[in-house]
Amino acid sequence: MNEKSIQTTLIHSDYVAPGGFDAFPPGIHRASTVLFPNTAAMRSTEWRDKQAYTYGLHGTPTTFTLEGKLAEIEGGTHCLLTPSGLAAIAMVDFALLKSGDDVLLPDNVYNPNRELGRWLTQDFGVSARYYDPMIGAGIAELIQPNTKLLWTEAPGSVSMEVPDLPAVCQAAHARDVIVALDNTWAAGLALRGFDHGVDIVMHALTKYQSGGADLLMGAVITRDKALNDRIAQAHMRLGMGVSPDDAYLVQRGLPTMKLRFERHDASARTLAAWFKARPEISKVLHPALEDCPGHAFWKRDFTGAGGLFSVVFDPRYDEAQVDRMVDALTLFGIGYSWGGPNSLVMPYRIKSLRDKWADPGVLVRFNVGLEDPCDLIADLEQAFGQL
Ligand SMILES: *Cc1c(COP(=O)(O)O)cnc(C)c1O
């Protein structure tokens, strides 16, 4: 055998690490090219089946393992990973909607999803219409022959209304409309979407699954192979890949997710009760409190709550006063997203985000992190002094 040149040796080393390595953390398998043992294997491997590997974009053991775990947590059978939660939403829309179709979105939908609906309407010949999130079985009247997809969010973003999911799903299914649920708030822990009738569960893994506020990822979970195949086709056509390193980090977060979630939940309820007792606050929009529209559905369908809720200030406080209070907080960062260890705060101009919004007070959303709730309350108390 010829001696290889150094240049070739740099690429083709003779060393092979011993097999049989085992450890608790899953391996991080990075690849664009995936090697086939021979041409027959290359020709017979179908990317769709996920029984073997074809190309980095279609997955490595690291991403397949995360998909399997997420499907199991949610009670589904199939899962597809996307580079962000928003990418997961867009993938579902592009998989299931075509020119001439209609999609229904709740008025309290995650705002970038609303933006996507606008784009689909303006440039893609799809009609996106927005419904009252508390409509329940009344959704039947909005369903048209061309309605193909209905988005739900439980609770809705920022204003936190909890929908009557089973009623909405029943009305949609009676007309063969597919129901997708953005289940990010409940992390698949406090609400099991499939048990309440939805066909597709979507998650922003960016939030609790990651838990570190250090990555972006999304997931789409189904329990119907044909439906998954339709979405997988869009996943492939749109080139939705995720980094195996990020997929590893999400898996690192999963074992502690329920413990973290329960702590977020307990602390958020402690803070919500504190807000409820304050004269400066007119409403606490936390699904576990009666101020929150749909509280009864939360009680019926959910087993817990996350760390995210909103409060509405008494109308005697204007935006500038509330902004001063927000700026005075020291333990709450001002920033989007949530689900990490750090508490966050975000004032919203909610009227500009909704077709219908009657409340005159300033709305502020809180993400309660993993700090000691006593310290968070002390911080709120000093900041409320700025009002
Ligand atoms: C954060 C979020 C998303 C989007 O997730 P990204 O990973 O930030 O794109 C979607 N839906 C809800 C309810 C969210 O809170």
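Residues numbered from 1 in each chain as written. Predicted model: local features only at pLDDT ≥ 70, side-chain atom pairs only at ≥ 80, totals over all residues. Heavy atoms only, no water.

For the rest of this paragraph, the subject is the environment of W357. Note on placement: W357 falls in the loop between β11 (344-348) and β12 (363-367). Each C-alpha atom of the pair W357 and S159 lies 9.5 Å from the other, and the pair is 198 residues apart in sequence. Setting aside residues up to four positions removed in sequence, W357 forms contacts with S159, E161, L285, I350, K351 and L363. A distance of 3.4 Å separates a polar side-chain atom of W357 from the backbone oxygen of D359. (Helix = DSSP H or I, 4+ residues; strand = E, 2+ residues; numbered from the N terminus. Contact = heavy atoms within 4.5 Å. Polar contact = N/O pair within 3.5 Å; in protein donor to acceptor, adjacent residues only side chain to side chain.)

The strand order across the open sheet built from five strands is β8-β9-β12-β11-β10, with neighbouring strands paired in mixed fashion. At either end of the open sheet lies a strand with only one pairing partner, and these are β8 (281-285) and β10 (333-334). Bridging between strand β9 (residues 308-313) and β12 involves five bridges; their strand directions are antiparallel. Following the sheet pairing, V311 is matched in β12 by V364. (Pairing = 2+ DSSP bridges.)

Another point: the domain arrangement of the protein chain. Taken domain by domain, the protein chain consists of domain 1 (39-255) and domain 2 (257-384). Centre-to-centre, using C-alpha coordinates, domain 1 lies 26 Å away from domain 2. Contacts between domain 1 and domain 2 engage 38 residues on the former and 37 residues on the latter. When domain 1 packs against domain 2, the two sides together hide about 3,200 Å² of surface, and 63% of this comes from carbon and sulfur. By the criterion of area lost to domain 2, the three top residues of domain 1 are V158, W185 and Y208, representing 26% of everything that side buries. The interface formed by domain 1 and domain 2 includes three salt bridges. Residues R300 and D164 are paired through a salt bridge, measuring 2.7 Å at the closest nitrogen-oxygen approach. Our count for the domain 1 to domain 2 interface comes out at 18 residue pairs in polar contact (both at pLDDT 80 or more). Elements represented by at least two residues in the side of domain 1 that touches domain 2 include exactly α5 (111-123), α6 (165-174) and α8 (244-276). (Domains from an automatic or database assignment. Buried area = accessible area lost by both parts, 1.4 Å probe. Salt bridge = Lys/Arg side-chain N within 4 Å of Asp/Glu carboxyl O.)

Let us now look at the layout of surface pockets. As a volume, the largest pocket reaches approximately 560 Å³. Around the largest pocket, the lining is made up of 31 residues, and of these Y110, P112, S157, K207 and R365 lie nearest the centre. Only α4 (85-96), α5 and β6 (200-204) provide two or more residues apiece to the lining of the largest pocket. Tallied by class, the residues present in the lining of the largest pocket amount to 18 nonpolar, eight polar and five charged. Residues from two domains meet in the lining of the largest pocket; each of domain 1 (39-255) and domain 2 (257-384) gives at least three. In this model, the second largest pocket occupies a volume close to 430 Å³. As for the second largest pocket, its lining consists of 28 residues, and the residues nearest its centre are R48, K50, E67, C79 and L80. Among the elements of the structure, α3 (61-74), β1 (78-82) and α7 (225-237) are those that each provide at least two residues to the lining of the second largest pocket. Top element by residues in the lining of the second largest pocket is α7. It accounts for six residues. (1 Å grid on protein atoms, 1.4 Å probe; cavity = no way out; pocket = protein on both sides within 12 Å on 5 of 7 lines; lining within 4 Å. Points joined across faces, edges and corners; volume = space filled by probe spheres on them. Nonpolar A, V, L, I, M, F, W, Y, C, P; charged D, E, K, R; others polar.)

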